[in-house]
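The lines below spell out each chain.
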Amino acid sequence: MKEIQFDRIKDAVAKLCIDANCLLGDDIVQAFKDGVKTEESPAGKDILNQLLDNEQIARKEMMPICQDTGWAVVWLKLGSGVRVQGGELYEAIQQGVAKGYTDGYLRKSIVEDPLRRKNTGNNTPAIIYTDIVPGDGLELTVQPKGGGSENMS
């Protein structure tokens, strides 16, 4: 049985929350660059160039690419031979989300109760999708899911 420390998971989730909101993948950046070359519309080229400028600023300053940093959706592949040492796995993830959204100055938009609309102040609880897989590995992916019009409803 492989043991993984609670704090290691919490810190990894916090970093993933920040990185997912501040860094675009190289494939997406390249797609924007390719789009600038092939886009026929001047307005379209301008928008793509603005997206590229925004990406560079976000990467350099480690600021969110978009103001809507959304819900934290965590995709978890948990090896059946893994045990968390020092706490519970889901609690490590929730604390990591809270740390990432707080330390990364990401907008907290999750409410405790949909009727009272009181903000949790740390963007928890995260949505966690879990797959139990063979082995002794733990794979975490964080996907910020923007709220869109829900933010104002």
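The structure contained in this document is the topic of the report that follows. (Residues numbered from 1 in each chain as written. Predicted model: local features only at pLDDT ≥ 70, side-chain atom pairs only at ≥ 80, totals over all residues. Heavy atoms only, no water.)

From N to C terminus, the protein chain includes four helices and five strands. In sequence order, the protein chain lays out its α and β elements as β-α-α-α-β-β-α-β-β. Taking the principal axes of its C-alpha atoms as reference, the protein chain extends roughly 55 × 40 × 25 Å. Relative to all contacts within the protein chain whose residues are 6 or more apart in sequence, the contacts with residues 24 or more apart total 78%. (Helix = DSSP H or I, 4+ residues; strand = E, 2+ residues; numbered from the N terminus. Contact = heavy atoms within 4.5 Å.)

A cis amide bond links Thr124 with the next residue in sequence, Pro125, at an omega value of 5°. In this fold, Pro125 is placed in the loop between helix H4 (89-103) and strand E4 (127-133). Despite not being glycine, Arg117 shows a phi value in the positive range, around 60°. Assignment of secondary structure puts Arg117 in the loop between H4 and E4. In this model, Asn123 sits at a positive phi of 70°, which is unusual for a non-glycine residue. In this structure, Asn123 sits in the loop between H4 and E4.

The next thing to look at is the packing of aromatic side chains. Considering all chains together, one arrives at one aromatic pair under this definition. Ring centres of Trp75 and Tyr129 lie 4.5 Å apart, and the angle between their planes is 20°; this geometry places the pair in the stacked category. Here the residue Trp75 occupies a position in strand E2 (residues 71-79), and Tyr129 occupies one in strand E4, the gap between them amounting to 54 residues. (Phe/Tyr/Trp six-rings, centres within 6.5 Å; stacked < 30°, edge-to-face > 60°.)

Summed over all chains, the structure comprises eight salt bridges. In this structure, Arg59 engages Glu55 in a salt bridge whose closest nitrogen and oxygen atoms are separated by 2.7 Å. Taken together, the residues Arg59 and Glu55, both in helix H3 (residues 42-61) and four residues apart, mark about one turn of the helix. For Arg116, the salt bridge goes to Asp113, with nearest N and O atoms at 2.7 Å. (Salt bridge = Lys/Arg side-chain N within 4 Å of Asp/Glu carboxyl O.)

With that settled, the discussion passes to helix H2 (residues 26-38). The first and last C-alpha atoms of H2 sit 18 Å apart over 13 residues, in line with the 18 Å expected at 1.5 Å per residue. For H2, the full list of buried residues reads Val29, Phe32, Gly35 and Val36. Take H2 and look down its axis: the buried residues cluster within an arc of 115°, on one side only. What points out from H2, more than 90 degrees from its buried face, is the exposed set Asp26, Asp27, Lys37 and Thr38. Looking at the buried positions of H2, the neighbouring elements they touch are H3. (Expected span 1.5 Å × (residues − 1). Buried < 20%, exposed > 50% of the residue type's maximum accessible area, 1.4 Å probe, protein only. Arc of directions from axis to C-beta.)

Function cannot be inferred from these measures alone, as they are strictly geometric.
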